[in-house]
Amino acid sequence: MSYLARATLVVLIVTSIYQAAADVSQTLVLVVIALVIAVGLEPAVSWLVGIGMRRGLAVAALFLAAALIVSLFVFLVGPPLVRQISGLADDIPRYASDLARRSDWIGRYVREHDIAARVEEFVADIPSKVAASFGTIVGVAGRIGSGTFQLATVVVLSIYFSLSLERMRKRAVLVFTADRREQGERLLNRAVDKIGGYVGGNLATSGVCAVLALIALLIAGVPFAIPLALWAGIA
């Protein structure tokens, strides 16, 4: 086979692989997310296995604990969060009026551009806009359903990867030559430990940030403390 023919064949193969990857890019993203979650949970799974628990039970315990924490969080935070967000929306016109009464450049800007009246008009038109946007509501419902399906897919794949990660690591070592497999195994183990530590550290940091922000906001008497603390933890 000539050089030109081999080059053409390589280009065709690479193009075909790229096109196939582009067609399933969304699925690949979900797979990568699930794999990162599984690797992030691996230190906790290894610790539970080390104290005598079977791997399947360890994975089930971690995901059940995560589901319990999320359910408890939604139960405790959901109602006040809805109330505070609703209160924030109701108080926006009052905030705009307060700004209009200021004597500095902010107050002058709000008065010159009639911001307070525009905000009140926008808030008053929200019910009619919502009623007239049935197609948008259907689209939002569709996106919510799609997001729920993707979330369920990530959860299922994460459980599968967590259960199979030990076997996956052993098979991945076979990629290395026989004289380098021990070194490759150490490299893979270190990579998994580093990724797990990174994911766990980020989760811990976000949780601590949200809790401390909530405590500080409650002590300071800042309104809408819960959504602001959640934003601090997420951001």
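Below is a summary of the structure that appears in this document.

Cut-offs applied
Residues numbered from 1 in each chain as written. Predicted model: local features only at pLDDT ≥ 70, side-chain atom pairs only at ≥ 80, totals over all residues. Heavy atoms only, no water. Helix = DSSP H or I, 4+ residues; strand = E, 2+ residues; numbered from the N terminus. Contact = heavy atoms within 4.5 Å. Areas by Shrake-Rupley, 256 points an atom, 1.4 Å probe, with all protein chains shown as cover. Salt bridge = Lys/Arg side-chain N within 4 Å of Asp/Glu carboxyl O. Buried < 20%, exposed > 50% of the residue type's maximum accessible area, 1.4 Å probe, protein only. Phe/Tyr/Trp six-rings, centres within 6.5 Å; stacked < 30°, edge-to-face > 60°. Axes fitted to C-alpha atoms, helices over the stretch in contact; angles between N-to-C directions. Parallel < 35°, antiparallel > 145°, perpendicular 65-115°, else oblique. Nonpolar A, V, L, I, M, F, W, Y, C, P; charged D, E, K, R; others polar. 1 Å grid on protein atoms, 1.4 Å probe; cavity = no way out; pocket = protein on both sides within 12 Å on 5 of 7 lines; lining within 4 Å. Points joined across faces, edges and corners; volume = space filled by probe spheres on them. Arc of directions from axis to C-beta. Left-handed = near helix turned anticlockwise from the far one by under 90°. Polar contact = N/O pair within 3.5 Å; in protein donor to acceptor, adjacent residues only side chain to side chain.

## Quick word on the overall build of the protein chain
(1) Moving on: The secondary structure content of the protein chain amounts to 8 helices and 0 strands.
(2) Moving on: For the protein chain, the α and β elements follow one another from N to C terminus as α-α-α-α-α-α-α-α.
(3) Moving on: Within the protein chain, residue pairs in contact and separated by at least 24 positions form 55% of the contacts whose partners lie at least 6 positions apart.
(4) Moving on: Counting only carbon and sulfur atoms, one obtains 71% of the accessible surface of the protein chain, whose full area is about 16900 Å².

## What to know about the pattern of salt bridges
(1) Moving on: Scanning the model with the defined rule gives 2 salt bridges in all.
(2) Moving on: Residues E42 and R55 are paired through a salt bridge, measuring 2.7 Å at the closest nitrogen-oxygen approach. Linking E42 in helix α2 (residues 25-50) with R55 in helix α3 (residues 55-100), this pair joins segments that are 13 residues apart in sequence.
(3) Moving on: In this structure E42 comes out as buried when scored by relative accessible area, which is 2%.
(4) Moving on: In this structure R55 comes out as buried when scored by relative accessible area, which is 17%.

## A short note on the packing of aromatic side chains
(1) Moving on: Applying the stated criterion to the full structure yields 1 aromatic pair.
(2) Moving on: Measuring from ring centre to ring centre gives 5.7 Å for Y160 and F161, while their planes differ by 55°; the resulting arrangement is tilted.

## With respect to the packing of α2 against helix α7 (residues 181-220)
(1) Moving on: Interaxial distance between α2 and α7 falls to 7 Å at its minimum, and their mutual angle equals 95°. The angle between α2 and α7 falls in the class roughly perpendicular. Residue-level contacts link V36, V39, G40, E42 and P43 of α2 to V192, I195, G196 and V199 of α7.
(2) Moving on: When grouped by side-chain class, the residues that make up the contact of α2 with α7 number 6 nonpolar, 2 polar and 1 charged.

## Digging into the layout of surface pockets
One water molecule sets the probe size; rolling that probe over the atoms shows where empty space is left.
(1) Moving on: If you add up the space inside the second largest pocket, you get close to 240 Å³.
(2) Moving on: Taken together, L35, V36, V39, L165, M168, R169, A172, L188, A191, V192 and I195 make up the lining of the second largest pocket.
(3) Moving on: The class makeup of the residues in the lining of the second largest pocket is 10 nonpolar, no polar and 1 charged.

## Describing helix α8 (residues 225-234)
(1) Moving on: Within the span of α8, buried status applies to A225, I226, A229 and G233. The buried residues of α8 occupy an angular sector of 95° when projected down its axis, which confines them to one face. Facing away from the buried side of α8 by over 90 degrees, the exposed positions are W231 and I234.

## So, the packing of α7 against α8
(1) Moving on: Closest axis-to-axis distance for the α7/α8 pair is 8 Å, and the angle between their directions is 150°. One element, α7, and the other, α8, form an angle in the roughly antiparallel class. In the packing of α7 onto α8, the handedness of the crossing is right-handed. Each of S206, C209, A210, A213, L214, L217 and L218 in α7 lies in contact with α8, whose residues at this interface are A225, I226, L228, A229, A232 and G233.
(2) Moving on: Split by residue class, the contact of α7 with α8 holds 11 nonpolar, 2 polar and no charged.

## So, the side chain of R55
(1) Moving on: Within polar-contact distance, the side chain of R55 engages the side chain of E42 at 2.7 Å.
(2) Moving on: Separated by 2.8 Å, the side chain of R55 and the backbone oxygen of S162 make a polar contact.

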